[in-house]
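Summary of the model geometry
Residue-level listing of the chains:
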Amino acid sequence: METLKAMFGKPDPQAQFRKCNALLRSEMRKLDRDIANVKAVETKTKNIILAANKRAQRGDPSRQKQAEKEIRDFARELISHRKTSARLVTSKAQLASVQMQISEAFAMRKIEGSIKASVGIMKDVNSLIRLPALAQTMRELSMELMKAGIIEEMTQEMLPETDMLEDEEEEAEGEVDKVLGEILKDRMEKTGPLPSVPQQQQQVPAQQQQQLEEEDEEDTEAMMDQMRNRLEALRS
């Protein structure tokens, strides 16, 4: 009987409302986890920059040049992580806005006995559907909202376009300098001037010192590869 009602009867407004809310709450929980993951990656990237800066203080000119390059590369990574985090936070705020507007729309339906299509909700859903991580849920949500009459059918022009999802250009050097100034200044305020190479470390044979530094660089690069993979998983 319930199956026949679902097939031929009018959709139950309360059931529609509960389903929409469940979709939104689930996606917001995922975003919370993603935001926490990106924040953790940001912290690790900062630590890598600080470690590279320590290596840059050592006496070997060739190693110093490599370390300085790594510092700027990881600063660009950090900027990218921060932008990813900002996008996730914005997406969560938009989801919260959609949730509030949907609640208001169903409340008005209960009062007035009918429901009007909401341009505001349609715009927010269209904006969120462009994000790869949210696209599937937003499509499912839009179908439920169309059934309820809250939004109209989304046209092809409103679907995500490839050029909207392309990677951003490399960060400007000025922004990199700003981030490095922030991180390294913070370190100097906490620990004082960056330490020079300890006497004991200077006495380590050159070949052994080079081997240690190479192993350190390999570990750092492996860690960054792992973090990049995690971020790619968040974006896909």
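The residue numbering used here restarts from 1 in each chain and proceeds along that chain's sequence as written. The predicted nature of this model means local features are confined to residues of pLDDT at least 70 and side-chain atom pairs, given and counted, to a pLDDT of 80 or more, with totals for whole chains, interfaces and linings taken over all residues. Think of the side-chain values as coming from all heavy atoms in the structure, minus any hydrogens and water.

By the naming in an unreviewed UniProt entry, the protein goes by Vacuolar protein-sorting-associated protein 24 and is assigned to Madurella mycetomatis.

Quick look at the overall build of the protein
Defined as follows: Strands here are runs of E lasting at least two residues and helices are runs of H or I lasting at least four, both read from the DSSP assignment and numbered beginning at the N terminus. Type-normalised accessible area, obtained with a 1.4 Å probe on protein chains alone, sets the label of each residue: buried when under 20%, exposed when over 50%, and partly exposed for intermediate values. Every residue pair with non-hydrogen atoms within 4.5 Å of one another is taken to be in contact. To measure how exposed things are, a 1.4 Å probe is used in the Shrake-Rupley method; for residues, cover is taken only from the protein chains shown.
Scanning the protein from terminus to terminus reveals 8 helices and 0 strands. Along the chain direction, N to C, the helices and strands of the protein fall in the order α-α-α-α-α-α-α-α. When the 236 residues of the protein are sorted by exposure, 35% land in the buried category. Considering only residue pairs separated by 6 or more positions, the protein has 82% of its internal contacts joining residues 24 or more positions apart. Split by element, the accessible area of the protein, about 14,800 Å² in all, is 52% carbon and sulfur.

Quick notes on the packing of helix 2 (residues 13-56) against helix 3 (residues 61-112)
Rules: Angles here are taken between N-to-C directions and fall from 0 to 180 degrees, while the axes themselves are lines fitted to C-alpha atoms, restricted in helices to the stretch in contact. What sets the label is the angle itself: under 35 degrees gives roughly parallel, over 145 gives roughly antiparallel, 65 to 115 gives roughly perpendicular, and the rest give oblique. A crossing counts as left-handed when the near helix is turned anticlockwise from the far one by less than a right angle, and as right-handed when that turn is clockwise. Three categories are distinguished: nonpolar for Ala, Val, Leu, Ile, Met, Phe, Trp, Tyr, Cys and Pro, charged for Asp, Glu, Lys and Arg, and polar for the others, with Gly belonging to the last.
For the pair helix 2 and helix 3, the least separation of the axes is 8 Å and the interaxial angle reads 165 degrees. Judged on the interaxial angle alone, helix 3 and helix 2 are roughly antiparallel. Along this stretch, helix 2 crosses helix 3, giving a crossing that reads as left-handed. Taken together, the residues that form the contact of helix 2 with helix 3 break down as 25 nonpolar, 12 polar and 15 charged.

With respect to helix 5 (residues 132-148)
For clarity, the threshold we go by: Helices are assigned an expected span. That span is 1.5 Å times one less than the residue count. A residue's bend is simply the angle between two axes: one fitted to the seven residues ending at it, one to the seven starting at it.
Helix length check: helix 5, at 17 residues, gives a terminal C-alpha distance of 25 Å against a target of 24 Å (1.5 Å per residue), a fit within 8%. At Met138, helix 5 shows its strongest bend, of approximately 30 degrees. Among all positions of helix 5, only Leu134, Ala135, Thr137, Met138, Leu141, Ser142, Glu144, Leu145 and Ala148 are buried. Close packing links the buried residues of helix 5 with helix 2, helix 3 and helix 4 (119-129). With its phi angle positive at about 85 degrees, Gly149 sits one or two positions after the end of helix 5.

Observations regarding a positive patch on the surface
Our working definition: Patch membership needs two things, relative accessible area over 30% and no salt bridge, and members are linked within 9 Å if like-charged or within 5 Å if nonpolar (Val, Leu, Ile, Met, Phe, Trp, Tyr). A pair is scored as a salt bridge if a Lys or Arg side-chain nitrogen falls within 4 Å of a carboxyl oxygen belonging to Asp or Glu. Under the convention used here, Asp and Glu are negative, Lys and Arg are positive, and both His and the chain ends fall outside the count. A charge is said to be at NZ when it belongs to Lys, at CZ for Arg, at CG for Asp and at CD for Glu.
Judged by side-chain charge, Arg25, Arg29, Lys30 and Arg33 come together as a positively charged surface patch. Relative to the helices and strands, Arg29 is located in helix 2. For Arg29, a relative accessible area of 48% gives the class partly exposed.

Some thoughts on the nonpolar core
Note the following rule: In this description, a nonpolar core means a group of buried Ala, Val, Leu, Ile, Met, Phe, Trp, Tyr and Cys residues linked to one another through side-chain atoms lying within 4.5 Å.
Ile102, Ile121, Met138, Leu141, Leu145 and Ile150 are the most contacted members of the largest nonpolar core, which has 26 residues in total. With 8 residues, the single largest contributor to this core is helix 2. Counting residues in each nonpolar core, the second largest holds 16 residues, with Ala52, Phe74, Ile183 and Leu184 among its members.

Thoughts on the packing of aromatic side chains
Defined as follows: Here a pair means two rings of Phe, Tyr or Trp (six-membered ring of Trp) with centres within 6.5 Å. Their orientation is stacked below 30 degrees between planes, edge-to-face above 60, and tilted elsewhere.
A complete count under the given rule lists 1 aromatic pair for this structure. Each ring, one from Phe17 and one from Phe106, has its centre 5.3 Å from the other, and the planes form 55 degrees; the classification is tilted. Taken together, the positions of Phe17 in helix 2 and Phe106 in helix 3 put the pair 89 residues apart, joining distant regions of the chain. Pair check on accessibility: Phe17 and Phe106 agree, each one buried.

As for the side chain of Gln101
Worth spelling out the cut-off: In the analysis that follows, any N or O atom pair within 3.5 Å is treated as a polar contact, provided that within protein one partner can donate a hydrogen and the other can accept it, and provided that, for residues neighboring in sequence, both atoms belong to side chains.
Note on placement: Gln101 falls in helix 3. There is a polar contact of 2.9 Å between the side chain of Gln101 and the side chain of Asp124.

Considering the environment of Glu144
With respect to the secondary-structure elements, Glu144 resides in helix 5. Remark: the alpha-carbon pair of Glu144 and Lys19, spanning 125 residues in sequence, is separated by 8.0 Å. If we ignore the near neighbours within four places in the chain, the residues touching Glu144 are Gln16, Lys19 and Cys20. Of note is the side chain of Glu144, whose polar atom sits 3.2 Å from the side chain of Lys19.

Observations regarding helix 4
An α-helical turn contains 3.6 residues, so a residue and the one three or four places further along point in the same direction. Among the residues of helix 4, Ile121, Met122, Asp124, Val125, Asn126, Leu128 and Ile129 are the ones counted as buried. Taken together, the buried residues of helix 4 touch helix 3 and helix 5.

What about the confidence of the model for the protein?
Inclusion rule: Each residue gets a pLDDT score, which is the predictor's confidence in that residue and runs from 0 to 100.
For the protein, per-residue confidence averages 75 on the pLDDT scale, and residues scoring 70 or more make up 63% of the total. Between the elements of the protein, mean pLDDT differs from a low of 41, seen in helix 7 (residues 199-202), to a high of 92, seen in helix 2. Confidence drops under a pLDDT of 50 for residues 191-204, and excluding neighbours within four residues, the segment shows 14 contacts in the predicted structure.

Quick notes on the environment of Ala148
As for its placement among the helices and strands, Ala148 is situated in helix 5. Taking C-alpha positions, Ala148 is 7.2 Å from Gln16, a pair spaced 132 residues apart along the chain.

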